[in-house]
Amino acid sequence: MIRVSTVADLRGSLAEASADRTPLGFVPTMGALHRGHLSLVERARRRADLVVMSIFVNPRQFGPNEDFARYPRPIEQDEQMAADSGVDVLFTPRASEIFPVTQGVTISSGDAARRWEGEVRPGHFDGMLTVVAKLFNLVRPDFAVFGQKDLQQAALVAAMVRDLNMPLGIVIAPTVRESDGLAMSSRNRLLAPADREKARVLSRALSAARSLFSDGERDPRAIESAGRAVLAGEPAVLPDYFAVVDRTTLEPAMRDSPGDWAVITAARVGATRLIDNMLLGDSDGD
Ligand code: AMP
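Every chain is numbered on its own, with residues counted from 1 as its sequence reads. The predicted nature of this model means local features are confined to residues of pLDDT at least 70 and side-chain atom pairs, given and counted, to a pLDDT of 80 or more, with totals for whole chains, interfaces and linings taken over all residues. For side-chain calculations, the full set of non-hydrogen atoms in the structure is used, while hydrogens and water are omitted.

Chemist: What should I look at first to understand the sheet that holds strand E7 (residues 237–246) in this one?
Modeler: Strand pairing in a sheet is mediated by backbone hydrogen bonds. Such pairs are either parallel or antiparallel. For two strands to be treated as a pair, DSSP must find no fewer than two bridges joining them. For the purposes of this entry, the term helix denotes a DSSP run of H or I that reaches at least four residues, the term strand denotes a run of E that reaches at least two, and both are numbered from the N terminus. Taken together, three strands build an open sheet; the order of strands is E7-E8-E9 and the sheet is antiparallel. The strands lining the two open edges of the sheet, one partner per strand, are E7 and strand E9 (272–279). Each neighbouring strand pair of the sheet contributes to a mean axis angle of 15°, computed without reference to strand direction. Both E7 and strand E8 (residues 261–269) contribute to a ladder of nine bridges, which runs antiparallel. Paired with Leu-238 across the strands is Arg-268, a residue of E8. Pairs of residues are marked as contacts when any of their non-hydrogen atoms sit within 4.5 Å. Lines fitted to the C-alpha atoms define the axes, with helices restricted to the stretch that makes contact. Angles between their N-to-C directions range from 0 to 180 degrees. Packing of helix H9 (residues 200–214) onto the sheet brings it into contact with E7, E8 and E9, and relative to E9 it is tilted by some 20°. Strands in contact with helix H10 (residues 220–232) are E7 and E8; relative to E7, the strand with the most contacts, it is inclined by about 160°.

In structure tokens form, the structure reads like this:
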């Protein structure tokens, strides 16, 4: 594996490596790698001759009172994990390399970014899409792999690629979970042990919603109530939202227009904010 940290070195290594190796698959991350990230690499390797991963804790997608400073950055361990999982080129730029100008042209994320994470974290999706668009232009992948774990993010990236006619495919890979159901996340490392235990309620509430749907319930509000009741059993977990949505548009699901639904949630557990979701009605779960 080659590790590069500047745009010039990235371009140089890709020009060399990718001449006779296509397709090129890309896995953008913020590091603190876990098995969820590695599953994306595995997914990319199935189709790609060359796999590029980026690790960049993007300052523009964090609000002023969010966890940018305490976001974990175990870069040496990440480098080893990336190499072991079969990444060919690891790109680890500094913020000044990606954003040499402070007030440049940016991507505006549109209507699908108004709700849920976009409402709680104003500016988050504009910052995320701007950096993803820049990374796509630098790496020029044939396809990029994103996790369903961040469903709204994946939907917005797919919408950006569609709306701006970007020449690549977007692959969405299922959520990898701990054995007790908690979705793997770099932020799980920030949980105190007692909070780690309480955080299990998120996947329990989503599973309850999914079971109700499997049993035939088609009233989204009834499904939401059942899930919220499970969440309420853990009063130290403070939900921002728990909602049944269309999994592509992220609009609230409507009883009389059944489509492909997902149930999404976000909650604060101690000082850490976690998000999770499950697809409704899929035999392969989430
Ligand atoms: P992050 O480093 O948290 O920005 O995540 C980088 C990519 O990994 C995103 O596409 C995430 O959706 C994906 N990802 C994060 N956690 C998981 C997980 N538990 N399972 C699958 N993909 C994940």
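Chemist: I tried to follow the environment of Val-139 on my own but got confused; where do I start?
Modeler: Summarising the element assignment, Val-139 is placed in helix H6 (residues 124–139). Sequence-wise, Val-139 and Arg-210 are 71 residues apart; in three dimensions their C-alpha atoms are separated by 38 Å. Among all residues touching Val-139, those that are not within four sequence positions of it are Leu-10, Leu-14, Leu-24, Phe-26 and Val-52.

Chemist: I would appreciate a short explanation of the packing of H9 against H10 in the present structure.
Modeler: Packed helices, taken two at a time, are described by their axes: the angle between them and the distance between them. Between H9 and H10, the shortest axis-to-axis distance is 8 Å and the interhelical angle comes to 150°. The angle between H9 and H10 falls in the class roughly antiparallel. Here the hand of the crossing between H9 and H10 comes out right-handed. Residue-level inspection shows Val-201, Leu-202, Arg-204, Ala-205, Ala-208, Ala-209, Leu-212 and Phe-213 of H9 in contact with H10, the latter providing Ala-222, Ile-223, Ala-226, Gly-227, Val-230 and Leu-231. When its residues are assigned to classes, the contact of H9 with H10 shows 12 nonpolar, one polar and one charged. Angular relationships are summarised with four words: roughly parallel below 35 degrees, roughly antiparallel beyond 145, roughly perpendicular across 65 to 115, and oblique for the angles in between. Crossing handedness: left-handed means the near helix sits turned counterclockwise from the far one by under a right angle, and right-handed means the same turn made clockwise. Gly counts as polar in this scheme, as do all residues outside two lists: the nonpolar Ala, Val, Leu, Ile, Met, Phe, Trp, Tyr, Cys and Pro, and the charged Asp, Glu, Lys and Arg.

Chemist: Where do I start with the site of the ligand in this structure?
Modeler: Throughout, near means a residue has at least one heavy atom within 4 Å of the molecule or strand. The local shell around the ligand holds 17 residues, among which Met-30, His-37, Gly-147, Asp-150 and Met-184 are the closest. Polar contact is the term for a pair of N or O atoms within 3.5 Å; when the atoms are in protein, one must be able to donate a hydrogen and the other to accept it, and sequence-neighboring residues count only if both atoms are side-chain atoms. The backbone of Gly-147 places a nitrogen or oxygen atom 2.9 Å from an oxygen atom of the ligand. Between the ligand and Val-176 there is a distance of 2.9 Å, counted from a nitrogen atom to a backbone nitrogen or oxygen. When the ligand sits alone it has 490 Å² of accessible area, and the protein chains cover 94% of it. Contributing elements (two or more residues each) for the shell around the ligand: strand E2 (24–29), helix H2 (35–47) and strand E5 (143–147). When grouped by side-chain class, the residues that make up the shell around the ligand number eight nonpolar, seven polar and two charged. Using the Shrake-Rupley algorithm and a 1.4 Å probe, accessible areas are obtained, with residue cover drawn only from the displayed protein chains.

Chemist: Got a minute to help me understand the pattern of salt bridges in this structure?
Modeler: Where charged atoms of side chains with opposite charge meet at close range, the side chains can pair. Salt bridges are identified by distance alone: a Lys or Arg side-chain nitrogen within 4 Å of an Asp or Glu carboxyl oxygen. One pass over the full model with this rule turns up 17 salt bridges. A salt bridge links Asp-111 to Arg-114; its shortest N-O distance comes to 3.8 Å. The exposure class assigned to Arg-114 is partly exposed, which follows from its relative accessible area of 48%. Because the salt bridges share partners, they merge into one network encompassing Asp-111, Arg-114, Arg-115 and Glu-251. Throughout this description, buried means an accessible area under 20% of the type-specific maximum (1.4 Å probe, protein chains only), exposed means over 50%, and partly exposed covers the range between.

Chemist: Hey, could you run me through the side chain of Asp-276 in this one?
Modeler: Mapping Asp-276 onto the fold places it in strand E9. A distance of 2.9 Å separates a polar atom in the side chain of Asp-276 from a polar atom in the side chain of Arg-177. Ignoring any residue separated from it by four or fewer positions in sequence, one finds Asp-276 in contact with Arg-177, Ala-183, Ser-203, Leu-206, Val-263, Ile-264 and Thr-265.

Chemist: Before we go on, may I ask you to explain the packing of aromatic side chains in this structure?
Modeler: Think of a pair of aromatic rings as described by two things: how far the centres are apart, and how the planes are tilted against each other in angle. Note on ring pairs: Phe, Tyr and Trp rings are taken, using the six-membered ring of Trp, and paired if centres are within 6.5 Å. Classes follow the plane angle, with under 30 degrees stacked, over 60 edge-to-face and the rest tilted. For the structure shown, the criterion picks out seven aromatic pairs. For the ring pair Phe-26 and Phe-136, a centre distance of 6.3 Å and an interplane angle of 75° mean the geometry is edge-to-face. Remark: Phe-136 occurs in helix H6 and Phe-26 occurs in strand E2; sequence separation between them is 110 residues. Judged by its relative accessible area of 0%, Phe-26 is buried. Owing to a relative accessible area of 4%, Phe-136 belongs among the buried residues under this scheme.

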